[in-house]
Amino acid sequence: MKVNFKKEFVDCFGKTITEKKNGKETALQIWESLARNLFNLSILGGTPISQDEKYTAYSLSMRIAGNPSEVEVSTEEASFLKRVCAEQLSAGAYGIVADIVEGKEC
C-alpha cells in the first residue's frame, strides 16, 4: 500500500506542533520523525532488535526520507512501524501515525 507521511504533527486541538530548528520554530514533520527514529532504532521492547528488523527499519527510513508523500509499505512493514511508533512516540503522535498507516487520514 502507498502511504503519505508528508504531514505535520498536530495536537488534540488541531494546532501544529513545532520544534526549534536552527533557532527558528518550524512544524514538526511526521516523515522526518519516522525516518530518524527508524534509522536510529536498535532496541525494541527492551531487547536488541534482530538483523532482519534492523534492515527493515533501515529500508523504511530510507524510503520515507526519499519520497515521504508516496511510501510503499507492506502489511508486515506497517505492523512493524506501528510497533516501533508505539514505543518511540507519545500516545498522540502514535495515534496520528497509526491512522495514516490504516488509511484513516487525520
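Source: prediction; values computed, not measured.

> Which residues make up the packing of helix α2 (residues 51-66) against helix α3 (residues 75-88), and what values do they have?
α3 packs onto α2 with a crossing angle of 95° between their chain directions and a minimal axis gap of 11 Å. When the axis of α2 is compared with that of α3, the two are roughly perpendicular. Together, Glu53, Thr56, Ala57, Leu60 and Arg63 of α2 and Glu77, Phe80 and Arg83 of α3 make up the contact between the two elements. Of the residues contributing to the contact of α2 with α3, the split by class is three nonpolar, one polar and four charged.

> Before we move on, can you summarise the pattern of salt bridges with the specific residues and values?
Scanning the entire structure with this criterion turns up seven salt bridges. Here Glu102 ties to Lys82 by a salt bridge, and the two come within 2.5 Å at their closest N and O atoms. In this pair, Glu102 is assigned in the segment after α4 (91-101) and Lys82 in helix α3, connecting sequence segments 20 residues apart. The class of Lys82 is partly exposed, set by a relative accessible area of 21%. Salt-bridge contacts for Lys104 lead to Glu102; the nearest nitrogen and oxygen are separated by 3.4 Å. Take Lys104: its relative accessible area is 48%, and that puts it in the partly exposed class. Using a relative accessible area of 41% as the deciding quantity, one classes Glu102 as partly exposed.

What counts, and at which threshold
- Residues numbered from 1 in each chain as written.
- Predicted model: local features only at pLDDT ≥ 70, side-chain atom pairs only at ≥ 80, totals over all residues.
- Heavy atoms only, no water.
- Axes fitted to C-alpha atoms, helices over the stretch in contact; angles between N-to-C directions.
- Helix = DSSP H or I, 4+ residues; strand = E, 2+ residues; numbered from the N terminus.
- Parallel < 35°, antiparallel > 145°, perpendicular 65-115°, else oblique.
- Contact = heavy atoms within 4.5 Å.
- Nonpolar A, V, L, I, M, F, W, Y, C, P; charged D, E, K, R; others polar.
- Salt bridge = Lys/Arg side-chain N within 4 Å of Asp/Glu carboxyl O.
- Buried < 20%, exposed > 50% of the residue type's maximum accessible area, 1.4 Å probe, protein only.

By themselves, these are just geometric observations and shouldn't be taken as functional.
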